[in-house]
Amino acid sequence: MQQHRELSLVTLLSLFSIFFSLNVATASAGGKSVDENPFSPKAYLTRYWNKEVRNDAVGPSFLLSKASPLTAVQSASFTKLASQNALQTKLPEFCSAAKLLCFPDLGQSLEKHERDVSFTGYSERNFTNYGTDRLAGADSFKNYSLGENLPIDSFRRYSRDSVNHKDKFNNYAADGNVVDQNFNSYAAGATSGTGDFKRYADSTNVPNLRFTSYSDDSNGRAQSFTGYSENANAGQQSFTSYSKNGNGAPNAFTGYGTSSNVAGSDFTGYSQSGNAPNDTFTNYGNDENNPTERFRSYGDGGNGGSEKFSNYRDRANVGESSFQSYAKNSNSEKVNFVNYGQSFNNGSDSFTGYAKASKGGSTGFKIYGVNNTFKDYKDKKTTKFTEYSVGEKSSLASKMAASGSLVKRWVEPGKFFRESMIKKGTVMPFPDIKDKMPERSFLPRTISSKLPFATAKVSELKRIFHAEDNSTMEKIITDALQECERAPSKGETKRCVGSAEDMIDFATSVLGRNVVVRTTDNVNGSKGDVVVGAVKGINGGKVTQSVSCHQSLFPYLLYYCHSVPKVRVYEADLLDPTSKAKINRGVAICHLDTSAWSPTHGSFAALGSGPGRIEVCHWIFQNDLTWTIAD
């Protein structure tokens with residue numbers, strides 16, 4: 001009896017789907033338009049738009065294209081699983097059918113390589129045992145997970161306990177998008193030989209990188225590491241334990257996080273407790289924009305060696321950095337630190353513990369930047385500061401502040417502009433407006449409403465999306481939740497939406513039901529110059545209110561929508577500067593009140609002003625949206 005009572009919605013929808021498919025085929029044969037299955041999420045969204053938006057505007061194709069691709073049957077099936085808290089049991093099928101961002105569950109590879117090996121390409125596996133206990137010989141590894149979208153890799157035990165073995169590692173996970181990489185134990189316990197590691201996660205977007213134990217407990221082994229997560233965008237990196245307990249080991253580390261944008265990094269334990277080390281570290285966090293950095297324990301407990309650190313946060317733009325414990329408890333070491341915190345735009349820096357409790361040896365410190373704190377260093381009689389400029393701006397910093405080339409490095413030309421530029425005939429740079437995020441779709445509201453969405457329930461979300469502790473997926477989820485739960489700024493109304501219906505509800509709750517949503521037509525003209533053609537001011541060019549929606553990185557398509565008061569919105573034809581042919585139709589928004597913006601906002605670096613002093617305009621990027629009251 002119970003089974004008869006549970007004639008499932010899935011079965012009913014299957015029958016309805018067949019019925020409507022026959023009707024659609026008949027209608028098409030008679031010359032009528034072919035409609036979407038009325039039970040599909042996309043068809044429901046079309047009806048919802050027509051019901052909630054009170055004007056003649058047709059639901060915009062770019063918004064409808066983001067609707068869930070699930071069929072009516074799939075939607076009902078996954079809705080049922082969500083109701084039963086069982087989506088995780090069908091996650092691969094759910095992610096594929098609903099077009100979501102999910103990482104594969106990788107198994108381990110236990111392959112061993114006992115002869116000289118030269119790899120030229122490798123990806124999407126856990127490599128567990130490479131070159132362990134090798135005697136002499138040479139291995140080279142090129143192009144590991146190169147240029148991939150959503151790569152997830154783990155590498156364990158590379159050249160561990162080897163003797164006189166030469167290792168070379170080129171290009172690990174470079175040019176990847178939303179990178180999840182874990183590298184454990186490189187040449188731990190190795191004797192003699194050389195190690196060369198180049199280009200780790202170079203030019204990646206939103207990386208989550210963990211590198212643990214490089215050449216720990218090695219004996220007489222020369223190491224060089226060049227290029228760790230340089231030119232990265234956003235993301236988080238951690239590097240733990242470089243040449244700990246090494247004996248007579250010359251180590252060189254060049255280029256950690258250079259030229260990265262809004263990146264967070266932790267570096268813990270460089271050459272700790274080494275015996276007769278010869279260490280050089282060049283360029284940590286140089287040329288970065290708004291970084292958050294923590295460096296702990298460089299050369300602590302070392303004996304009778306030489307430590308040199310050059311260029312920490314040199315020419316960085318704002319951000320927050322801390323450096324704790326350099327050469328603490330060292331014995332008879334020669335210690336030298338060159339250039340700490342010579343920032344282009346001052347951030348918050350702290351340096352704690354320089355050669356504290358060390359015995360013998362010599363210490364030197366050259367060029368320590370402005371607006372910093374320096375605590376607990378060796379006796380002033382034995383520590384030589386060549387240029388310690390706390391509390392005043394050095395001439396070098398003044399020169400950098402006037403340099404337009406550094407601003408261009410952090411703020412792309414054309415990303416921000418003045419309202420006076422939006423007029424016919426203006427030639428202006430057009431930024432790269434291409435969407436860098438993985439392609440995803442909204443969830444039907446019948447599913448999204450049944451999923452947890454709060455930091456208090458992050459463990460449930462991790463279970464559903466198979467997110468391991470300290471994984472990229474965990475960070476993606478927690479970052480989005482924190483941003484969505486952040487208190488609104490003064491005058492702001494905000495909401496995160498995971499369905500198109502929720503977005504429509506929020507926009508109409510702020511602006512009323514007579515609304516229009518717009519975005520820039522395409523990405524043509526990006527990274528080049530354009531000529532502004534015909535310009536139309538929305539609502540007659542009057543000051544108005546809008547709702548802007550920006551993508552957030554999350555397993556399903558999630559938008560951060562917020563009300564934006566006191567703006568003017570424009571549509572403008574964009575022309576090729578040579579042929580004068582129309583190549584795009586751009587949507588621009590001008591914020592007239594910037595008084596609540598941060599002084600470190602990139603627009604002020606680019607336009608040369610500050611909060612409340614100027615208006616700031618920008619284009620609506622690909623897949624971002626702005627809502628206004630209809631003309």
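Please refer to the structure placed before this passage.
Scope of this entry: the structure provided in the associated data block. (Residues numbered from 1 in each chain as written. Predicted model: local features only at pLDDT ≥ 70, side-chain atom pairs only at ≥ 80, totals over all residues. Heavy atoms only, no water.)

Here the focus is the environment of Glu468. With respect to the element layout, Glu468 can be found in the loop between helix H10 (458–464) and helix H11 (472–485). Owing to a relative accessible area of 58%, Glu468 belongs among the exposed residues under this scheme. Look past the residues within four positions of Glu468 in its chain and what remains in contact with it is Lys462 and Glu474. (Helix = DSSP H or I, 4+ residues; strand = E, 2+ residues; numbered from the N terminus. Buried < 20%, exposed > 50% of the residue type's maximum accessible area, 1.4 Å probe, protein only. Contact = heavy atoms within 4.5 Å.)

Looking now at the environment of His466. Its location among the elements puts His466 in the loop between H10 and H11. Each C-alpha atom, one on His466 and one on Phe103, is 8.1 Å from the other, the two residues being 363 residues apart in sequence.

Let us now look at the packing of aromatic side chains. Given two aromatic rings, one states the distance between the centres and the angle between the planes to describe the pair. Following the criterion strictly, the structure yields nine aromatic pairs and no others. Pairing Phe417 with Trp619 gives two aromatic rings, centres 5.4 Å apart and planes at 40°, and the pair type is tilted. One end of the pair, Phe417, is in the loop between helix H8 (404–410) and strand S23 (427–430); the other, Trp619, is in strand S30 (residues 616–619), with 202 residues separating them in the sequence. The class of Phe417 is buried, set by a relative accessible area of 3%. Taking 6.1 Å as the distance between ring centres and 50° as the angle between the ring planes, the aromatic pair formed by Trp597 and Phe604 counts as tilted. Within the aromatic cluster, the residues linked to one another by ring pairs are Phe417, Phe430 and Trp619. (Phe/Tyr/Trp six-rings, centres within 6.5 Å; stacked < 30°, edge-to-face > 60°.)

Time to look at the state of the cysteines. Scanning the entire structure with this criterion turns up four disulfides. Covalently, Cys95 is tied to Cys102 through a disulfide, its sulfur atoms 1.8 Å apart. One quick way to see it: the torsion about the S-S bond of Cys95 and Cys102 is about -65°, and its sign makes the bridge left-handed. Exposure class is identical for Cys95 and Cys102. Each is buried. Each sulfur of the disulfide joining Cys484 and Cys496 lies 2.0 Å from the other. Because the torsion about its S-S bond is -95°, the bridge between Cys484 and Cys496 counts as left-handed. With Cys484 in helix H11 and Cys496 in strand S24 (residues 494–497), the pair connects residues that are twelve residues apart, well separated along the chain. With a relative accessible area of 15%, Cys484 lands in the buried category. You can call Cys496 buried: its relative accessible area is 16%. (Disulfide = S-S within 2.5 Å.)

We now examine the pattern of salt bridges. It is possible for side chains of opposite charge to pair when their charged atoms get near one another. Tallied over the full model, the rule gives 19 salt bridges. In this structure, Arg518 and Glu571 form a salt bridge, with 3.4 Å as the shortest nitrogen-oxygen distance. Of this pair, Arg518 sits in strand S25 (residues 515–518) while Glu571 is found in strand S28 (residues 558–575), placing the two residues 53 residues apart along the sequence. Taking the shortest distance from any N to any O, the salt bridge between Lys582 and Asp573 comes out at 3.2 Å. On the basis of relative accessibility, which here comes to 16%, the residue Asp573 falls in the buried class. (Salt bridge = Lys/Arg side-chain N within 4 Å of Asp/Glu carboxyl O.)

Membership of the largest hydrophobic core comes to 34 residues, with the highest contact counts inside it found for Leu87, Phe94, Leu100, Ile447 and Phe465. Sort the elements by how many residues they give to this core and H11 lands first, with six residues. By size, the runner-up hydrophobic cluster in this structure holds 24 residues, among which are Tyr48, Val515, Val547 and Cys561. (Core = buried A, V, L, I, M, F, W, Y, C linked by side-chain atoms within 4.5 Å.)

Across the five residues of strand S31 (residues 625–629), four count as buried, placing the element largely inside the fold. Pairing of S25 with S31, which is carried by four bridges, proceeds in the antiparallel orientation. Each bridged residue has a counterpart across the sheet, and for Val515 the counterpart in S31 is Ile629. As paired strands, strand S27 (residues 544–552) and S31 are joined by four bridges and run antiparallel to one another. Bridge pairing in S31 places Cys549 opposite Leu625. (Pairing = 2+ DSSP bridges.)

The next point concerns unusual backbone geometry. The phi torsion at His466 lies on the positive side, around 55°, for a residue other than glycine. Assessed through its relative accessible area of 29%, His466 is described here as partly exposed. The phi dihedral of Lys566 is positive, around 55°, even though this residue is not glycine. Tracing the sequence through the fold places Lys566 in strand S28.

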